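Chain residues, written in single-letter form:
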Amino acid sequence: MDFNLTREQEMLRDMVREFAQRELAPKALALDAKGEFIHDIIKKTAELGLVGIITSKEFGGTGMGHLARMLMIEELSRIYASLGFFFQTGQIGMYAIENFGTPEQKQKYLPALCKADKIISTALTEAGGGSDPSAIQTTAELKGDEYIINGRKVMISEAPVCDLAIIVAKTGDKFSAFIVEKGTPGFTTSGKENYVGLRSLPVGDLVFTNCKVPKANLLGQEGKGLAVAIGGISAVGRTGVAGVALGTAEGAYAAAVKYAKERKLYGKPIAELQAIQYMLVDCNMEIETARWLCYKAAVLLDQGKSPRDAGDDITRCKLYSCDIASKVALRAIQIMGGYGTIPQYEITRRLNDSIELFTAAGTQEIMKNTLARSIIA
Ligand SMILES: Cc1cc2nc3c(=O)[nH]c(=O)nc-3n(C[C@H](O)[C@H](O)[C@H](O)COP(=O)(O)OP(=O)(O)OC[C@H]3O[C@@H](n4cnc5c(N)ncnc54)[C@H](O)[C@@H]3O)c2cc1C
């Protein structure tokens with residue numbers, strides 16, 4: 001596969017890089033320590049057209065596509081992965097609405113989401129097990145013109161701050177997707193759970209107790225909810241997590257290279273020690289490989305391949321990038337010796353962030369199952 005970045009994509013990458021240096025780099029340590037949702041910074045990215053980057057212009061987006069999105073997530077995550085991850089989760093819901101929603105749903109929700117005036121969650125996971133959709137116990141029962149929803153979703157990104165959520169619930173023996181708005185009686189959210197990484201990402205539960213949702217809020221056809229959610233999770237969620245992993249690895253690697261060149265032992269920089277060079281070479285090769293897998297998956301989506309047809313490439317980029325992010329972060333810590341374990345050096349944060357990426361949008365083992373099925377089909 002051969003491709004070059006367009007002038008527009010190069011300009012976007014440079015603009016996001018400059019934004020991340022200006023808005024995130026000086027604050028990343030403090031933001032991570034505070035662990036609060038960074039809505040003010042997200043609003044600034046929305047003003048730059050980044051939140052609606054894969055949403056059509058018709059609905060308030062910029063429609064720049066999946067490769068542009070990958071470049072953006074990579075650049076932001078290189079400095080602060082929590083912000084990169086916002087684009088992973090928020091855009092799953094936006095993608096699902098644009099691809100499966102009615103014209104009314106698209107007009108109603110997408111423009112406000114593009115401006116980050118509203119925040120959306122997408123919720124599949126329940127306490128019975130995220131990898132197994134048959135563990136979903138949340139039910140939606142049609143009574144007249146409303147569905148009555150009961151159940152609890154756990155580990156949901158942006159749950160504590162969301163204005164609306166796409167959820168998957170059982171309708172009889174099948175699954176359907178619904179849009180549920182904040183303020184709907186019977187819909188509540190938990191507080192922020194305490195996760196070790198991605199500290200500015202509020203993760204929590206969505207709770208439904210006899211929650212009455214209008215029939216018009218069914219997203220896609222009744223009984224086809226898994227296709228709605230999994231299409232978005234694959235095309236947008238997995239590529240997004242991969243981009244966050246790539247940027248996280250790049251951030252750790254850049255810090256390790258800088259440190260190795262500055263730290264002197266035996267009268268010369270440790271970068272001249274072969275053992276250090278080998279670790280840097282391993283990081284360099286892994287990052288370069290991950291980047292090409294990520295870009296390739298994004299380019300295939302931009303070329304019009306469906307999430308299913310681009311499935312192997314999406315799986316490979318998620319699996320590989322999330323695998324190497326923690327390895328690179330660990331090597332960076334090793335290169336920095338004892339200083340690497342001090343949070344102020346901002347490398348332990350990379351490791352903590354990378355840990356969160358193993359399970360998000362499907363675990364590494366589920367990725368391997370998916371790829372294995374395709375290999376032996
Ligand atoms: C930061 C973060 C954000 C998240 N955001 C969201 C969100 O917005 N929406 C949402 O719905 N969910 C979200 N999740 C949940 C995530 O999707 C689940 O954690 C994931 O699907 C795994 O589910 P589980 O944690 O219940 O683990 P389990 O499914 O219980 O898995 C436990 C272990 O068993 C392994 N395993 C399971 N099945 C198989 C199999 N068939 N073969 C081999 N091994 C297997 C898994 O790989 C894992 O190692 C988020 C998670 C994190 C960490």
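Report on the accompanying structure. Counting starts from 1 at the beginning of each chain's written sequence and moves along it residue by residue. Where local features are concerned, this predicted model is filtered to residues with pLDDT of at least 70; where side-chain atom pairs are given and counted, the filter is 80 or more; whole-chain, interface and lining totals use all residues. The side-chain figures draw on all heavy atoms in the structure; neither hydrogens nor water molecules are used.

### Topic: the side chain of lysine 318
Here a strand is any run of E in DSSP of at least two residues, a helix any run of H or I of at least four, and the numbering for each starts at the N terminus. You can see lysine 318 is positioned in helix α9 (residues 311-335). In this scheme, a residue with accessible area under 20% of its type's maximum is buried, one over 50% is exposed, and one in between is partly exposed, where area comes from a 1.4 Å probe on protein chains only. In this tally, Lys and Arg are treated as positive and Asp and Glu as negative; His is ignored, and so are the chain termini. When a carboxyl oxygen of Asp or Glu is within 4 Å of a side-chain nitrogen of Lys or Arg, the pair counts as a salt bridge. As a buried residue without a salt bridge, lysine 318 has its nearest oppositely charged side chain in glutamate 365, at a separation of 8.2 Å.

### Quick notes on the nonpolar core
What tends to happen in soluble globular proteins is that the nonpolar side chains get buried as a cluster. Definition used in this section: a nonpolar core is a set of buried Ala, Val, Leu, Ile, Met, Phe, Trp, Tyr and Cys residues joined via side-chain atoms within 4.5 Å. Counting 103 residues, the largest nonpolar core has Leu24, Leu76, Leu83, Phe87 and Ile97 as its most contacted members. Among the elements that take part in this core, helix α7 (residues 225-262) stands out by supplying 15 residues, more than any other. In this analysis, two residues are considered to be in contact whenever any of their non-hydrogen atoms come within 4.5 Å of each other. Beyond its immediate stretch of four places on either side in the chain, isoleucine 97 contacts Gln105, Lys106, Tyr109, Leu110, Leu113, Ile120, Ile166, Ile179 and Leu219. Ile167, Phe178, Val180 and Leu218 belong to the second-largest nonpolar core, a separate cluster that totals 18 residues.

### Some thoughts on the packing of α7 against α9
Every angle, taken between N-to-C directions, lies between 0 and 180 degrees, and every axis is a line fitted to C-alpha atoms, over only the stretch in contact when it is a helix. Orientation of α7 relative to α9, taken along the N-to-C sense of each, is 20°, at an axis distance of 8 Å. In terms of orientation, α7 lies roughly parallel with respect to α9. Between α7 and α9 lies a crossing of left-handed hand. The scheme is simple: roughly parallel for angles under 35 degrees, roughly antiparallel for over 145, roughly perpendicular for 65 to 115, oblique for anything else. By convention the crossing between two helices is left-handed if the near helix lies anticlockwise of the far one by an angle smaller than a right angle, and right-handed if it lies clockwise.

### So, the site of the ligand
Taken together, 16 residues lie near the ligand, and Thr125, Gly130, Ser131, Thr363 and Glu365 sit nearest. Note on areas: Shrake-Rupley, 1.4 Å probe, and residue coverage restricted to the protein chains presented here. Burial of the ligand by the surrounding chains reaches 67%, relative to a free accessible area of 980 Å². Residue assignment for the shell around the ligand shows that the elements contributing at least two residues are β1 (120-123), β3 (146-157) and α11 (364-376). Within the shell around the ligand, the residues separate by chemical class into five nonpolar, nine polar and two charged. In this entry, domain limits derive from an automatic or database-based domain assignment. Residues from two domains meet in the shell around the ligand; each of domain 2 (120-225) and domain 3 (226-376) gives at least three. Being near a molecule or strand, for a residue, comes down to having at least one heavy atom within 4 Å of it. Lys, Arg, Asp and Glu make up the charged group, whereas Ala, Val, Leu, Ile, Met, Phe, Trp, Tyr, Cys and Pro make up the nonpolar group; the residues left over, Gly among them, are polar.

### What to know about the environment of lysine 212
Mapped onto the fold, lysine 212 is located in strand β7 (residues 203-214). Spatially, the C-alpha atom of lysine 212 lies 34 Å from that of threonine 45, the residues being 167 residues apart in sequence. Sequence-distant contacts of lysine 212, defined by excluding residues within four places in its chain, comprise Glu146, Tyr147, Ile148, Thr184 and Pro185.

### Re the side chain of serine 77
Secondary-structure assignment places serine 77 in helix α4 (residues 66-79). The residues contacting serine 77, other than those within four sequence positions of it, are Gly84, Gly243, Val244, Gly247, Thr248 and Arg350.

### Observations concerning a nonpolar patch on the surface
Like-charged residues within 9 Å of one another, or nonpolar side chains (Val, Leu, Ile, Met, Phe, Trp, Tyr) within 5 Å, are grouped into patches, provided each residue has over 30% relative accessible area and no salt bridge. Taken together, the side chains of Tyr339, Ile342 and Tyr345 make up a nonpolar region of the molecular surface, amounting to roughly 260 Å² of accessible area. Following the sequence through the fold, isoleucine 342 ends up in the loop between α9 and α10 (348-356). A relative accessible area of 34% means that isoleucine 342 is categorised as partly exposed.

### Some details on the pairing of strand β5 (residues 174-181)
Of all the eight residues making up β5, six are buried; the element is thus mostly covered by neighbouring parts of the structure. A pair of strands is labelled paired if DSSP reports no fewer than 2 bridges between them. Sheet topology note: the strand β4 (residues 164-171)/β5 ladder contains eight bridges and is antiparallel. For alanine 165, the partnering residue across the bridge sits in β5 and is valine 180. Inspection of the sheet shows β5 paired to strand β8 (residues 218-219) by two bridges, in the antiparallel sense. What sits directly across from alanine 177, in β8, is leucine 219.

### Some words on the pairing of β4
Across the eight residues of β4, seven count as buried, placing the element largely inside the fold. Judged from the four bridges that link them, β1 and β4 form a sheet pairing that is parallel. Note on β4: the bridge partner recorded for alanine 123 is isoleucine 167. In this antiparallel pair of consecutive strands, β4 and β5, the connection spans two residues, and glycine 172 shows a positive phi of 70°.

### So, the packing of α7 against α10
Helix-helix packing is characterised by the crossing angle of the two axes and by the distance between the axes. Between α7 and α10, the shortest axis-to-axis distance is 10 Å and the interhelical angle comes to 160°. Classified by the interaxial angle, the pair formed by α7 and α10 is roughly antiparallel. Between α7 and α10 lies a crossing whose hand is left-handed. Residue-level contacts link Thr248, Gly251 and Ala252 of α7 to Arg350, Asp353 and Ser354 of α10. Tallied by class, the residues present in the contact of α7 with α10 amount to one nonpolar, three polar and two charged.

### Digging into the packing of aromatic side chains
Each Phe, Tyr or Trp ring (for Trp, its six-membered ring) is paired with any other whose centre lies within 6.5 Å, and the angle between the two planes then decides the class: stacked below 30 degrees, edge-to-face above 60, tilted in between. Inspection of every chain in the model, using the stated rule, returns five aromatic pairs. Both rings, one in tyrosine 147 and one in phenylalanine 178, keep their centres 4.7 Å apart while their planes meet at 65°; by these two values the pair is edge-to-face. In this pair, tyrosine 147 is assigned in strand β3 and phenylalanine 178 in strand β5, connecting sequence segments 31 residues apart. Each member of the pair, tyrosine 147 together with phenylalanine 178, is buried. On the basis of an interplanar angle of 45° and a centroid distance of 5.5 Å, the ring pair of tyrosine 339 and tyrosine 345 is categorised as tilted. We classify tyrosine 339 as partly exposed; its relative accessible area is 37%.

All we've got here are geometric facts, nothing functional implied.
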